[in-house]
Amino acid sequence: MRVGLYPGTFDPITYGHVDIIRRAAMLVDRLVIGVAINRDKGPLFDLEDRVAMIEAECVALSAETGTEIVVHPFENLLIDCAHDVGATLIIRGLRAVSDFEYEFQMVGMNRALDSSVETVFLMAEARHQAIASKLVKEIARLGGDVTKFVPPAVEGALRARFA
């Protein structure tokens, strides 16, 4: 069984993330969405809320793709998380060239830690490339419309958070 790990903070999950999840699910038999517990980033949504939002979106994606999709919070090294979930493939989404520089360094470090775990980059569809969770939160905080960027349940959660 081919297991892939798609890690991120997902604060909150966006249509860009959903696009990467959908396409990553076609590459593996089991896709683990690794939700990083990154206390340094100070997420808007707590871990339980982020996990619930991702799980809600992945029900339909799992049915659509036929791939088992599970959500797994983690607070250790990414390569250790890959070992924990049995992943031999790490999936990373890219939006712009600037993402590549950081991701290139991460791949090098992960390969030095365990060369048996491969990393695959997927570009978000063009219509989703500009979407960043940080920008979505800023738009929502200032009362803007985020319906083009996030699923309806996430939009509702953002609206409630900034009401």
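Below is a short write-up of the structure. (Residues numbered from 1 in each chain as written. Predicted model: local features only at pLDDT ≥ 70, side-chain atom pairs only at ≥ 80, totals over all residues. Heavy atoms only, no water.)

### Some details on the overall build of the chain
- The secondary structure content of the chain amounts to six helices and five strands.
- From first element to last, N terminus to C terminus, the chain shows the α and β order β-α-β-α-β-α-β-α-β-α-α.
- Compactness check: the chain gives a C-alpha radius of gyration of 15 Å against a globular reference of 15 Å for 163 residues, within 12% of the reference.
- Structurally, the chain occupies a C-alpha span of about 45 × 35 × 30 Å along its principal axes. (Helix = DSSP H or I, 4+ residues; strand = E, 2+ residues; numbered from the N terminus. Rg over C-alpha atoms; globule rule 2.2 N^0.38 Å.)

### Structural notes on the packing of helix 1 (residues 15-25) against helix 2 (residues 47-65)
- Packing of helix 1 against helix 2 leaves a shortest axis separation of 10 Å and a crossing angle of 30°. The angle between helix 1 and helix 2 places the two elements in the roughly parallel class. Seen along the crossing, helix 1 lies across helix 2 with a hand that is right-handed. Residues Val 18, Ile 21, Arg 22 and Ala 25 of helix 1 form the contact with helix 2, whose participating residues are Cys 58, Leu 61, Glu 64 and Thr 65.
- For the contact of helix 1 with helix 2, the residue count by class is five nonpolar, one polar and two charged. (Axes fitted to C-alpha atoms, helices over the stretch in contact; angles between N-to-C directions. Parallel < 35°, antiparallel > 145°, perpendicular 65-115°, else oblique. Left-handed = near helix turned anticlockwise from the far one by under 90°. Contact = heavy atoms within 4.5 Å. Nonpolar A, V, L, I, M, F, W, Y, C, P; charged D, E, K, R; others polar.)

### Overview of the pairing of strand 4 (residues 89-94)
- With five of its six residues buried, strand 4 lies for the most part within the structure.
- In this sheet, strand 4 lies alongside strand 1 (residues 3-8) in parallel orientation, the contact comprising two bridges. The residue bridging Leu 5 from the neighbouring strand is Ile 90, located in strand 4.
- Pairing analysis gives six bridges linking strand 4 to strand 5 (residues 118-123), with the strands arranged parallel. Directly across from Ile 91, in strand 5, lies its bridge partner Val 120.
- Since strand 4 and strand 5 lie parallel, the crossover through helix 4 (residues 97-113) that links them has a hand, and here it is right-handed. (Buried < 20%, exposed > 50% of the residue type's maximum accessible area, 1.4 Å probe, protein only. Pairing = 2+ DSSP bridges. Right-handed = clockwise from strand over helix to strand, strands pointing away.)

### Examining the packing of aromatic side chains
- According to the stated counting rule, one finds three aromatic pairs in the structure shown.
- Taking the centre distance of 5.3 Å and the plane angle of 80° together, the rings of Tyr 6 and Phe 10 count as edge-to-face.
- Residue class for Tyr 6 comes out buried when judged on its relative accessible area of 5%.
- Here the aromatic cluster, defined as three or more aromatic residues joined through ring pairs, consists of Phe 100, Phe 104 and Phe 121. (Phe/Tyr/Trp six-rings, centres within 6.5 Å; stacked < 30°, edge-to-face > 60°.)

### Considering unusual backbone geometry
- With an omega of 0°, the peptide bond running from Asp 11 to Pro 12 counts as cis.
- With respect to the helices and strands, Pro 12 occurs in the loop between strand 1 and helix 1.
- In this model, Phe 10 sits at a positive phi of 50°, which is unusual for a non-glycine residue.
- Within the secondary structure, Phe 10 sits in the loop between strand 1 and helix 1.

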